[in-house]
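Residue-level listing of the chains:
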Amino acid sequence: MLKVIVVDDEPLARKGMLVRLREFPELDVVAECSNGQQAIDSISEFAPDLVFLDVEMPGMDGFTVLKQLQEKQITLPYVVFVTAYDHYAFSAFEVNALDYVLKPVEPIRLRQAVEKVLKIYQAQDTQKHKGQLAEAVAKLTGEDTGNILQRLDNAEPVVNDRFPDAISIKDSGEITRVPVSAIEWVDAAGDYMCIHTRDGQTHILRRTMKELEQELDPRLFVRVHRSAIVNVHTIAKLQMLANGEHQLMLTNGQAVKVSRSYKDRVKQVFNQ
């Protein structure tokens, strides 16, 4: 629901607008103002999503209201100008008003203006939620936010829930299937990955860290360094060293360095 403020120096015009706006369940009128200064004070207090703003008001017209809000660095709401003269239309769009309606306000024209605002608001709100979701997934997986947003725009899965149960490793003419659940941690050694498993073995995999990370469920594995991934179930404690750096102690006694860029992601494991 959008918070709305109605600004008009004419009581009858203001009352008429309030009555018409009751027909829109998406709108919640939080204040009505009879002059420009009241409008500035109410917008500052209520932070509305939408303002129906009269252009011609004594002392301070609608354009001056917007100018003062900008000077005070107050976030501007969506604005629909209300005026008795259509020659203000060009000026209204110059200050980025979404629309303008002429007095006396006709129900059909008002509905068109409201529907226009709702459409723009919903589009921006959807994009905002996409951005928040992409940031959350990026923190969890380490993947680029832009790639996640692109999948959201294409209606593709954000996180792949179908991760392999095992990693196939080729070595000396043999292929070994290593269960993902048996992996304790992984570290990079040049162009190779060293996969350390619960039985004490180390398997060598020719793959990049990024490629391997995308095959591992981010709910079970966390990137702790540009060259290390750890199974969250093997983490015993997070330690701060004397030099200010951090390291993980695993249940097998292995110490794994945590880089600054991945520290927040590691801390999220302890908050789950």
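Everything quoted here is computed from the prediction, not taken from an experiment.

Conventions adopted
Residues numbered from 1 in each chain as written. Predicted model: local features only at pLDDT ≥ 70, side-chain atom pairs only at ≥ 80, totals over all residues. Heavy atoms only, no water. Pairing = 2+ DSSP bridges. Helix = DSSP H or I, 4+ residues; strand = E, 2+ residues; numbered from the N terminus. Axes fitted to C-alpha atoms, helices over the stretch in contact; angles between N-to-C directions. Contact = heavy atoms within 4.5 Å. Buried < 20%, exposed > 50% of the residue type's maximum accessible area, 1.4 Å probe, protein only. Parallel < 35°, antiparallel > 145°, perpendicular 65-115°, else oblique. Left-handed = near helix turned anticlockwise from the far one by under 90°. Nonpolar A, V, L, I, M, F, W, Y, C, P; charged D, E, K, R; others polar. Right-handed = clockwise from strand over helix to strand, strands pointing away. Phe/Tyr/Trp six-rings, centres within 6.5 Å; stacked < 30°, edge-to-face > 60°. Polar contact = N/O pair within 3.5 Å; in protein donor to acceptor, adjacent residues only side chain to side chain. Salt bridge = Lys/Arg side-chain N within 4 Å of Asp/Glu carboxyl O.

Caption draft 1: Representation of the sheet that holds strand E15 (residues 255–258) in the model. The strand order across the open sheet built from three strands is E13-E14-E15, with neighbouring strands paired in antiparallel fashion. Unpaired on one side and paired on the other, strand E13 (235–240) and E15 mark the two borders of the sheet. Here the strands of the sheet are splayed against their neighbours by 25° on average, with no regard to which way each runs. Its contacts with the sheet place helix H8 (residues 263–271) against E13, strand E14 (246–250) and E15, and it is angled at close to 135° to E13.

Caption draft 2: Geometry of the environment of Glu 23. Relative to the helices and strands, Glu 23 is located in the loop between helix H1 (11–21) and strand E2 (27–33). Glu 23 sits 84 residues away from Pro 107 along the chain, and the two C-alpha atoms are 9.8 Å apart.

Caption draft 3: View of the side chain of Ser 42. Relative to the assigned elements, Ser 42 resides in helix H2 (residues 36–46). Exposure remark for Ser 42: the relative accessible area of 12% places this residue in the buried category. In this structure Ser 42 touches Ile 5, Ala 31, Cys 33, Ala 47 and Pro 48, once residues within four positions along its chain are discounted.

Caption draft 4: Seen up close, the packing of H2 against helix H3 (residues 62–71). Contact geometry for H2 and H3: axes closest at 10 Å, N-to-C directions at 40°. Taken together, the axes of H2 and H3 are oblique relative to one another. In this structure, H2 meets H3 at a crossing whose hand is right-handed. Of the residues in H3, those touching H2 at Gly 36, Ala 39, Ile 40 and Ile 43 are Val 65, Gln 68 and Leu 69. Along the lines of polarity and charge, the residues of the contact of H2 with H3 split into five nonpolar, two polar and no charged.

Caption draft 5: Examining the pairing of E2 more closely. Sheet analysis places strand E1 (residues 2–7) next to E2, joined by six bridges and oriented parallel. By the bridge assignment for E2, Val 6 is matched with Glu 32. Note that the unit made of E1, H1 and E2 has a crossover that is right-handed.

Caption draft 6: Representation of unusual backbone geometry within the structure. Look at the link from Lys 103 to Pro 104: it is a cis peptide, with omega at -10°. Relative to the helices and strands, Pro 104 resides in the loop between strand E5 (99–102) and helix H5 (107–141). Positioned with a positive phi, Ala 47 is a non-glycine residue whose angle comes to about 45°. Its place among the elements puts Ala 47 in the loop between H2 and strand E3 (50–54).

Caption draft 7: Focus on the packing of aromatic side chains. In the structure shown here, the tally under the stated rule is two aromatic pairs. Aromatic side chains Phe 63 and Phe 81 sit 5.0 Å apart centroid to centroid with 45° between the ring planes, which places their arrangement in the tilted category. You can see Phe 63 sitting in helix H3 and its partner Phe 81 sitting in strand E4 (residues 78–83), a full 18 residues away along the chain. Both rings, one in Tyr 78 and one in Tyr 121, keep their centres 6.3 Å apart while their planes meet at 85°; by these two values the pair is edge-to-face. Here Tyr 78 is found in strand E4, whereas its partner Tyr 121 is found in helix H5, with 43 residues between them in sequence. For Tyr 78, a relative accessible area of 17% translates into the label buried.

Caption draft 8: Geometry of the side chain of Lys 103. Among the secondary structure elements, Lys 103 is positioned in the loop between E5 and H5. There is a polar contact of 3.0 Å between the side chain of Lys 103 and the side chain of Asp 8. Of the polar contacts made by the side chain of Lys 103, one reaches the side chain of Asp 54; its length is 3.4 Å. The contact partners of Lys 103, leaving out residues within four places of it in the chain, are Asp 8, Glu 10, Ala 13, Asp 54, Val 82, Thr 83 and Ala 84.

Caption draft 9: Layout of the pattern of salt bridges. Per the counting criterion, the structure on display carries eleven salt bridges. Across the pair Arg 14 and Glu 32 runs a salt bridge, and its minimum N-O distance is 2.9 Å. In this pair, Arg 14 sits in helix H1 while Glu 32 sits in strand E2, placing the two residues 18 residues apart along the sequence. For Lys 103, the salt bridge is made with Asp 54, and the minimal N-O distance between the two is 3.4 Å.

Caption draft 10: Inspection of the sheet that holds E1 at higher detail. The sheet built from five strands is open, its strands ordered E2-E1-E3-E4-E5 with parallel pairing. In this open sheet, the two strands that pair with only one neighbour each are E2 and E5. The mean angle between the axes of side-by-side strands here comes to 20°, regardless of whether they run parallel or antiparallel. With five bridges connecting them, E3 and E4 associate as parallel partners. For Phe 52, the partnering residue across the bridge sits in E4 and is Val 80. Contacts from H2 reach E1, E2 and E3 within the one sheet, and its direction differs from that of E2 by about 140°.

Read these as geometric descriptors, not functional statements.
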